[in-house]
Amino acid sequence: MKFSYNQIRDLVEGLETAPEALKGLITMKTAECEGIEQIGEHLARVCAARVVSVEPIAGTHNVKASVETGRYGERTVVCGAPNCRAGMVTAYVPAGTRLGAATIDKRTVNGVESDGMLASGAELGLNRDAEGVLELDVEPGSPIPGCEPDATIEIDNKSLTHRPDLWGHHGMAREVAAITGNRLKDPVNPRRIPAGEAVVKIEIPDFTLCPRYSALVFENVTVKASPLWLQYRLTAMGLNPINNIVDATNYLMAMLAQPMHAFDRDKLTGDTIRARPARPGERIQALNGEWYELAPADLVIADGAGPVAVAGVIGGMDSAISGSTARIVFESANFQAAGVRRTSARLKLRTDASIRFEKSQDPANTIRALAMAVELLEQVSPGIRLVGGLADAYRPKPAPAPISLPLGWLDRKLGRHIEEAEVTSILESLEFGVSRQTPGVLSVTVPSWRATKDVSLKDDLVEEVGRIIGYGSIPPAPPMVAARVPAANRERAFQHEVRAMLAARGYTEVYNYSFIGGEAARRFGYEPGALVEVANPIASDQSLLRPSLLPGIWKNVVENARNFESFRLFEIGLEIHPANAGADLPRQVSHLAVCSAARQEASPAAALFELKRAAECLMPGAQVRPVEPKCYEHPVRAAVVDWHGETVGRLFELHPSMVESGRAAVLDIDLEAMERARPAMKRYQPIRRYPSSAFDLSVVAELRELVGGIEQKLARLAGEPLEAIEFVRQYSGPPLPAGKKSVSFRLTVAAADGTLSSEEVGAIRGRIIDGMQQSGYELRI
């Protein structure tokens, strides 16, 4: 959101704080400022100039123009604008002026020395008109009326979400006045609202959807370009000048945070405007030229023929202002915030109006905006006349109850003493009503523009006082409350252990949204209709609650693969599944997703083995066994992870179609199942006191037989003396038959009560060999 410093200075009497200093004050006391942009610095040097004579330059479309600048004397410039003519007054930019990224210098053009230039509105940054030089109606030497150097203060929109009043300059000026101790000027004259009977009727069947709808009718309208001052201010605030009527609606929105709309009265059917839900099958062509199919959940503004606007979002093309417009209906309305947001999200259409209505605007603001509109339209469309009185339909809202504010409690909450007079002054500067309820207790009335969703408790008033006095003025001190150790949280402690283990192995933790779209759900084998839907999704691709962490991890893989040769990631989060029968709420399951990805691997299965090792570190003794792959898993590289007799997860490589280059392996663990399978206690086992003995065995097996299965058979046959078993190597080729492989293991055996003799070691070795041969294996001895 961009705020014009000049506009704020016009609204705050005696404001002398420089833009940079004001930026710091606003950041510390109101909302986060992202930066300051200097606007129109060159305008301090630009002045009006009368074209005295014009001479064509042979062989070109340019002319040699002699101009009287008043401020800089007579100058000769070369100009190529088609409207440059003798007698006109235009804008002159002297040599040495920096205009955008370039500096205007004296130079020779077509053999004529040009001392400066004549400029268009686009070149000066006043508007987007580059068709010709400006045409002014002022004396030579004068500055361009209403156009002077400015600075825009850009404020982070997220820090304004809870403050609908700050989406307009008047609301921000109120804050600045309170911060700097100056007086706020009100740009609205409520007496400009006309008396008398309205010439249009308003019908609102549901005031919950539309708390208020106000309108005025004007005739003798002239649609033309806005005055330069208005075009310049809109451009500085990031809005595009269009014509005087549309520009007036945008300027009022920027000033008062009240979105407005103008209808061409002669294009409306009937004399009744209705704010009603859309009917099945209705559609509208919006001002952006697009057609939108409407649903009963969408609120529309309709005349006798059908919808003429999507309420709070965008106007319709059929009733748009055009060059032939002579009468207008000027709308100023208030719509339910949630309804506007749902419609905007469903239509995938966010506008300056919808962004503001989503913040819960003040219904009382509609009349103020119309009062200001009367004065503004008289300036931008001379001769315009009001027809009839105010059309205003609303359901009165009960005034918010006063809030009792005990000053002793306020001191304790803030951590410092503030005099009653200072508290009163701060709240009154923010236009709260303040009176003494009892000694030491204030009664505070909340203004309507702060009562929509912002201030309702005495705790909110603490924040108002604290931010204005400055939190830096509060001496830091620990809270004087009893320190209690919280009850142990077994689940959280367990997850901390998992997190620490993976971080120590070089994995980076990621956090993904708990929302996915239908396409992502189908990619991972889920039917969107069977998942938990979000009632009011923030985007079309975040309409479902995630049933798995895998879509988020996959997105991480795709995005990181563009920038890194290899990376390791993990996420701990909740899977969200539909509620079980008889339950009210969806079922949440804690899961762990670990990923290892690389564009080039030394071995095709390197990432899988790395994650297998990670699983063994988390779950000592865990085993993996192959299973049928799911649709997103590699056709021959998918397994389940078993631990202490329970299946706790899956280990697999992502299907090649899901990874643009390289390979990505994923370990997906059900943390609740893992915690259930974890032994309740660990039994102490003393270190062996006697030496151990080791021997190697090579088992000939089928080429596709799992090495892990062979290892388990050897361990089972070795029995209690086995201390360790280690895979050594695998070999296939001559002299082994085709389709066979030799797998070598090193087995270490020992006894707790003495050193095993060579005969005892040989007996163990013989027992293993006999058992393996009885199972059909050949051993290379």
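Presented here is an overview of the structure given in this document. It should be emphasised that the depicted structure is a prediction, and the values quoted were computed from it without experimental measurement.

1. Overview of the overall build of the protein chain
(1) Moving on: Helix and strand counts for the protein chain stand at 19 helices and 41 strands.
(2) Moving on: Relative to the 2.2 N^0.38 estimate, which gives 28 Å for 781 residues, the radius of gyration of the protein chain is 38 Å and therefore markedly larger than a compact globule would have.
(3) Moving on: Out of the 781 residues belonging to the protein chain, those deemed buried represent 49%.
(4) Moving on: Long-range contacts, defined here as pairs at least 24 residues apart, represent 69% of the contacts in the protein chain between residues at least 6 apart.

2. With respect to the nonpolar core
(1) Moving on: Counting 57 residues, the largest nonpolar core has Ile155, Phe218, Ile245, Phe330 and Leu377 as its most contacted members.
(2) Moving on: Sorting elements by how many residues they give to this core places helix α9 (residues 365-380) first, with 10 residues.
(3) Moving on: Val200, Val217, Val310 and Val340 belong to the second largest nonpolar core, which has 36 residues in total.

3. Describing the sheet that holds strand β40 (residues 740-749)
(1) Moving on: Here we have 4 strands laid out as an open sheet, ordered β39-β40-β38-β41, and antiparallel in their pairing. Each edge of the sheet is formed by a strand with only one pairing partner; in this case those strands are β39 (722-731) and β41 (778-780). Shown here is a sheet whose adjacent strand axes are inclined to one another by a mean of 30°, direction ignored.
(2) Moving on: Strands in contact with helix α18 (residues 707-718) are β38 (693-702), β39 and β40; relative to β40, the strand with the most contacts, it is inclined by about 40°.

4. Thoughts on helix α7 (residues 337-347)
(1) Moving on: Within α7, the full set of buried residues consists of Ala337, Gly339, Val340, Thr343, Ser344 and Leu347. Each buried residue of α7 lies within a common arc of 165° when the element is viewed along its axis, so the set occupies one face.
(2) Moving on: On its buried side, α7 packs onto β20 (291-293), β21 (299-302), β22 (307-310) and α8 (352-357).
(3) Moving on: Downstream of α7 by one or two residues, Lys348 has phi in the positive range, about 55°.

5. Examining the packing of helix α5 (residues 228-236) against helix α6 (residues 244-256)
(1) Moving on: Interaxial distance between α5 and α6 falls to 10 Å at its minimum, and their mutual angle equals 50°. It follows that α5 is oblique to α6 by the angle criterion. As for the relative orientation of α5 and α6, their crossing is left-handed in sense. Contacts between α5 and α6 involve Trp229, Leu230, Arg233 and Leu234 on the former and, on the latter, Asp247, Asn250 and Tyr251.
(2) Moving on: Here the contact of α5 with α6 is composed, by residue class, of 4 nonpolar, 1 polar and 2 charged.

6. Things to note about a nonpolar patch on the surface
(1) Moving on: A surface patch of nonpolar side chains, about 330 Å² in accessible area, is lined by Tyr513, Phe515 and Ile538.
(2) Moving on: Relative to the helices and strands, Phe515 resides in strand β30 (residues 515-516).
(3) Moving on: Its relative accessible area of 30% is what places Phe515 among the partly exposed residues.

7. Brief notes about the sheet that holds strand β32 (residues 566-577)
(1) Moving on: Judged by pairing direction, the sheet is mixed, and its 7 strands sit side by side in the order β29-β32-β33-β37-β36-β35-β34 without closing on themselves. Sheet topology places β29 (508-509) and β34 (623-626) at the edges, where each strand pairs with a single neighbour.
(2) Moving on: Across 7 bridges, the pairing between strand β35 (residues 633-643) and strand β36 (residues 646-654) is antiparallel. Bridging across to β36, Trp643 finds its partner in Glu646.
(3) Moving on: Along the sheet, helix α15 (residues 550-560) makes contact with β32, β33 (587-598), β36 and β37 (663-670), crossing β32 at roughly 155°.

8. A closer look at the environment of Ala665
(1) Moving on: Looking at the element boundaries, Ala665 is found in strand β37.
(2) Moving on: Considered as a pair, Ala665 and His634 are 31 residues apart in the sequence and their alpha carbons are 9.4 Å apart.
(3) Moving on: When residues no more than four places from it in sequence are discounted, the contact partners of Ala665 are Val594, Cys595, Ser596, Ala607, Leu608, Leu611, Phe652 and Glu653.

9. Topic: the pairing of β32
(1) Moving on: Burial of β32 is extensive: 9 of the 12 residues sit out of reach of the surface.
(2) Moving on: Summarising the sheet, β32 and β33 pair through 12 bridges and their orientation is antiparallel. Following the sheet pairing, Glu571 is matched in β33 by Ala593.

10. Details of the pairing of strand β27 (residues 433-438)
(1) Moving on: Judged from the 5 bridges that link them, β27 and strand β28 (residues 441-445) form a sheet pairing that is antiparallel. Opposite Ser435, over in β28, you have Ser443 as the bridge partner.
(2) Moving on: Counting the residues that bridge the hairpin from β27 to β28 gives 2 residues, and of these Gly440 lies at a positive phi of roughly 85°.

Criteria and cut-off values
- Residues numbered from 1 in each chain as written.
- Predicted model: local features only at pLDDT ≥ 70, side-chain atom pairs only at ≥ 80, totals over all residues.
- Heavy atoms only, no water.
- Helix = DSSP H or I, 4+ residues; strand = E, 2+ residues; numbered from the N terminus.
- Rg over C-alpha atoms; globule rule 2.2 N^0.38 Å.
- Buried < 20%, exposed > 50% of the residue type's maximum accessible area, 1.4 Å probe, protein only.
- Contact = heavy atoms within 4.5 Å.
- Core = buried A, V, L, I, M, F, W, Y, C linked by side-chain atoms within 4.5 Å.
- Pairing = 2+ DSSP bridges.
- Axes fitted to C-alpha atoms, helices over the stretch in contact; angles between N-to-C directions.
- Arc of directions from axis to C-beta.
- Parallel < 35°, antiparallel > 145°, perpendicular 65-115°, else oblique.
- Left-handed = near helix turned anticlockwise from the far one by under 90°.
- Nonpolar A, V, L, I, M, F, W, Y, C, P; charged D, E, K, R; others polar.
- Patch = residues over 30% accessible without salt bridge, like charges linked within 9 Å, V, L, I, M, F, W, Y side chains within 5 Å.
- Areas by Shrake-Rupley, 256 points an atom, 1.4 Å probe, with all protein chains shown as cover.
- Salt bridge = Lys/Arg side-chain N within 4 Å of Asp/Glu carboxyl O.

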